[in-house]
Amino acid sequence: VSVGATINIMMAASMAEGITVIDTGGQPCFTVDDSGSELNINSGICQSDAAVITANSGTVRVTGGTLAGGRGAGSAAPRTIYSYGNTGITLGGSAVITNDCDACVALYGGNLTIQENASLTGYGGVYLFNSLKNNSTDGNVHSSLTMTGGSVEATAAGDFALTGNNLMSAGCSADITGGSLTAG
């Protein structure tokens, strides 16, 4: 689904009770591409063999339900949530973000807030990178994380709950005043 306005997703918790979004074609369930667009997920299950959400701009809020990305190890884009550029992402409430083979969230620019009881459990946790994947200042959008609650757990040995990569992450920031980070 391409999000070009405001979309509010409130689904039942299982197929037996209502709607579950499942994408097995290697494409994200939702793409947010406009600075005025909003995607709000309050409940339900969204599952993909690739990313569940990709966002180039706009606002993404997940306050409930489960987002399960990377359900197919052969996928080219297996992270559950991708941000490219100026996207504001908030994970809060009782949201559950999982990934079986990669990171829960990869920011290539954008702002991520983790709060309340949000739970991120995946092969890796949160990756912070610059939008241009280098240390240049011209047009580069630096990623930032604000964490006041919730939990991020990396289950793979050698992976991290929060990480970056040298100059690809120069200028990125993390402000953690609550919650927990756990590495595999």
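Small disclaimer: the values here were computed from a predicted structure and weren't measured.

A few words on the overall build of the protein. For the protein, the count of helices and strands is zero helices and 15 strands. Across the 184 residues that make up the protein, the buried fraction comes to 47%. Of the roughly 7800 Å² that the protein leaves accessible, carbon and sulfur atoms contribute 49%.

In terms of strand pairing, strand 7 (residues 53-62) meets strand 9 (residues 81-91) through nine bridges, oriented parallel. Bridging from a neighbouring strand, alanine 55 pairs with serine 83 of strand 9. Both strand 9 and strand 11 (residues 110-114) contribute to a ladder of four bridges, which runs parallel. Residue isoleucine 89 lies in a different strand from strand 11, and its bridge partner there is leucine 112.

Moving on to the packing of aromatic side chains. Under the criterion given, the structure shown has four aromatic pairs. A ring pair is formed by tyrosine 84 and tyrosine 108, whose centres lie 5.7 Å apart and whose planes are at 10 degrees; its orientation type is stacked. Remark: tyrosine 108 occurs in strand 10 (residues 96-108) and tyrosine 84 occurs in strand 9; sequence separation between them is 24 residues. Of the residues examined, tyrosine 108 reaches a relative accessible area of 10% and is grouped as buried. Where tyrosine 108 meets phenylalanine 129, the ring centres are 5.1 Å apart and the plane angle is 20 degrees; that geometry is what we call stacked. Highlighted residues: tyrosine 108 in strand 10 and phenylalanine 129 in strand 12 (residues 119-129), separated in sequence by 21 residues. A cation sits over an aromatic face here: lysine 133 above tyrosine 108, 5.1 Å from the ring centre.

A few words now on the confidence of the model for the protein. In this model, the protein carries a mean pLDDT of 86, and residues with pLDDT of at least 70 account for 85%. Every residue in residues 12-18 is under pLDDT 50, and counting partners more than four places away or in other chains gives nine contacts.

A few words on the pattern of salt bridges. As enumerated under the stated definition, the model contains two salt bridges in all. Measuring nitrogen to oxygen at the nearest pair gives 3.1 Å for the salt bridge that ties arginine 61 to glutamate 38. With arginine 61 in strand 7 and glutamate 38 in strand 5 (residues 38-43), this residue pair connects regions lying 23 residues apart in the sequence. Judged by its relative accessible area of 34%, arginine 61 falls in the partly exposed class. For aspartate 102, the salt bridge goes to arginine 79, with nearest N and O atoms at 3.1 Å.

Conventions used here
- Residues numbered from 1 in each chain as written.
- Predicted model: local features only at pLDDT ≥ 70, side-chain atom pairs only at ≥ 80, totals over all residues.
- Heavy atoms only, no water.
- Helix = DSSP H or I, 4+ residues; strand = E, 2+ residues; numbered from the N terminus.
- Buried < 20%, exposed > 50% of the residue type's maximum accessible area, 1.4 Å probe, protein only.
- Areas by Shrake-Rupley, 256 points an atom, 1.4 Å probe, with all protein chains shown as cover.
- Pairing = 2+ DSSP bridges.
- Phe/Tyr/Trp six-rings, centres within 6.5 Å; stacked < 30°, edge-to-face > 60°.
- Lys NZ or Arg CZ within 6 Å of the ring centre and 35° of its normal.
- pLDDT = per-residue confidence, 0-100.
- Contact = heavy atoms within 4.5 Å.
- Salt bridge = Lys/Arg side-chain N within 4 Å of Asp/Glu carboxyl O.

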